[in-house]
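So the chains spell out like this:
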Amino acid sequence: MELKNDLIIRAAKGEQTERTPVWLMRQAGRILPEYRAVRASLSGFIELVKTPDRAAEVTIQPVDILGVDAAIIFSDILVIPEAMGLPYEMVEKKGPLFPETVDSASDLKKLKVADASSDLGYVLDAIKVTKRELDGRVPLIGFAGAPWTIFCYMIEGHGSKTFSKARKMLYNEPVLADQLLQMITDSTIAYLKAQVAAGADIIQIFDSWAGILPANLYERFSLKYISQICDVIEEVPVTVFAKGAYFARRAMGQLNCQTIGLDWNMGIRESRGLIGPEKVLQGNLDPCALYGSEREIQIATQTMLDSFGPYKHIANLGHGVYPDVDPEKVKVFVKTVKEYSAAQR
Ligand code: 1CP
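Residues numbered from 1 in each chain as written. Predicted model: local features only at pLDDT ≥ 70, side-chain atom pairs only at ≥ 80, totals over all residues. Heavy atoms only, no water.

Some details on the overall build of the chain
Helix and strand content of the chain: 16 helices and nine strands. Relative to the globule expectation of 20 Å for 345 residues, the C-alpha radius of gyration of the chain, 19 Å, shows essentially globular dimensions. Expressed as lengths along the three principal axes of its C-alpha atoms, the size of the chain is roughly 60 × 45 × 35 Å. A buried classification covers 59% of the 345 residues belonging to the chain. A separation threshold of at least 6 residues defines the contact pool for the chain, and within that pool the share at least 24 residues apart is 74%. (Helix = DSSP H or I, 4+ residues; strand = E, 2+ residues; numbered from the N terminus. Rg over C-alpha atoms; globule rule 2.2 N^0.38 Å. Buried < 20%, exposed > 50% of the residue type's maximum accessible area, 1.4 Å probe, protein only. Contact = heavy atoms within 4.5 Å.)

What to know about the site of the ligand
For the ligand, the set of nearby residues contains 21 residues, the closest of which are Ala28, Arg39, Asp76, Tyr153 and Ser208. Take Tyr35: an N or O atom from its side chain is 2.8 Å from an oxygen atom of the ligand. When the ligand is considered free in solution it has 880 Å² of accessible area, and contact with the protein chains removes 84% of it. Here the shell around the ligand is composed, by residue class, of 12 nonpolar, six polar and three charged. (Near = heavy atom within 4 Å. Polar contact = N/O pair within 3.5 Å; in protein donor to acceptor, adjacent residues only side chain to side chain. Areas by Shrake-Rupley, 256 points an atom, 1.4 Å probe, with all protein chains shown as cover. Nonpolar A, V, L, I, M, F, W, Y, C, P; charged D, E, K, R; others polar.)

Notes on the pairing of strand β5 (residues 202-207)
Counting buried positions along β5 yields six of six residues, so the element is predominantly enclosed. Examined bridge by bridge, strand β4 (residues 140-145) and β5 share five bridges and lie parallel to one another. Bridge pairing in β5 places Ile141 opposite Ile202. Sheet analysis places β5 next to strand β6 (residues 238-242), joined by five bridges and oriented parallel. The residue of β6 that forms the bridge with Ile205 is Val240. Assessed by its sense of winding, the connection that carries the chain from β5 through helix α12 (residues 215-232) to β6 is right-handed. (Pairing = 2+ DSSP bridges. Right-handed = clockwise from strand over helix to strand, strands pointing away.)

Description of the nonpolar core
General note: in soluble globular proteins, nonpolar side chains tend to be found buried as a group. By size, the foremost hydrophobic cluster in this structure holds 130 residues, and its most contacted members are Phe151, Leu180, Leu290 and Phe333. No other element matches the 12 residues that helix α11 (residues 174-198) contributes to this core. (Core = buried A, V, L, I, M, F, W, Y, C linked by side-chain atoms within 4.5 Å.)

A word on helix α4 (residues 52-66)
Here α4 contains 15 residues, and its C-alpha end-to-end distance of 22 Å stays within 8% of the 21 Å for a straight helix at 1.5 Å per residue. Where α4 is concerned, the buried positions are Pro52, Ala55, Ala56, Val58, Thr59, Ile60, Gln61, Pro62, Val63 and Leu66. Check the buried side of α4 and you find it contacts α2 (33-40), α3 (45-49), β1 (71-72), α8 (121-134), β4 and α16 (327-344). After α4 finishes, the residue Gly67 shows a positive phi value of roughly 80°. (Expected span 1.5 Å × (residues − 1).)

Topic: the pairing of strand β9 (residues 313-317)
Across the five residues that make up β9, a large majority, five, are buried. Note that strand β8 (residues 280-285) and β9 share five bridges and pair parallel. Bridged to Gln282 within β9 is Ile314. Each parallel crossover has a hand, and the one from β8 via helix α15 (residues 294-308) to β9 is right-handed.

Pasting the structure below:
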């Protein structure tokens, strides 16, 4: 189907666009009362993710309400461990919990490489419904967690500030770690290819826990696997967002992907210098800037746009939007990107 607004796709391909495209990480859910209403009508997050019609509905809400230039499929990065045989629960107000974790080679034997159509068909169905209902208004972003970030949850079993159990395995059992990371990578490749076949127009890989590794281990246990994924997703543009991986920016410039996401700590001009002129950059307003006044948000957004320059930029925050941000403030951010960037051309 012909896209009516394909700005983000053209920008990701490095083309000069009439204005800068904009979307927000974690734009679906969280901040919208309309999302909470849908969520309240179901038993919980996992039921929502597994009900394609409702997942499609909350995927499209931010397009209608916030005016963003892309939708991102409503799901979670943790569907991959579940598809490999390690189910998760979503504990209200606390986050994900894996009743079982991977500790040993015998735990690993119980897992398999996920089969996208039989184990993750509900996400693929949600993508198909979303594409039909979007009717070409904006592109749809598919996504997955980076193997390292998924590994963190499978070893640790829940969120953590340090993921020290997961990091410990890299030192104590590197062979086991590589085996699990390769299984996650193979599952993720099959899953992302199936997302593209179902209709995803662009793919983002979230390495949310990149920043807890030292640079040498990051190259060895994370970038290596991200790079395998980038090498085989050839059909659509790929974005790699590695939060906190300031030490790996030069290496990320070498990945076989189109766009690199920057977090809000990464200097924009410095990042461009390290990553090189070819890649498109995405980001990177501090999510907390959206707690400011309307005028403050406009100024911060304009300053950010000036630093990135008019082309090879997709505007976003430097991480997901925080749950208690006023949607009206998000609209100010989106509107400012649209109007200011158009005026700079
Ligand atoms: O009940 C609820 O509403 C649960 C809250 C929630 C939601 C709405 C979770 C739990 N996940 C999601 C959806 C989600 N997760 C999306 C789609 C919606 C959107 O983009 O708006 C996406 C892209 C994710 C990705 C995700 N999940 C990441 C990577 C991005 C990031 O923020 O760094 C991570 C790390 C997760 C794990 C996860 N899922 C949910 C929580 C609370 C967490 C973080 C757990 C932790 O603290 O470690």
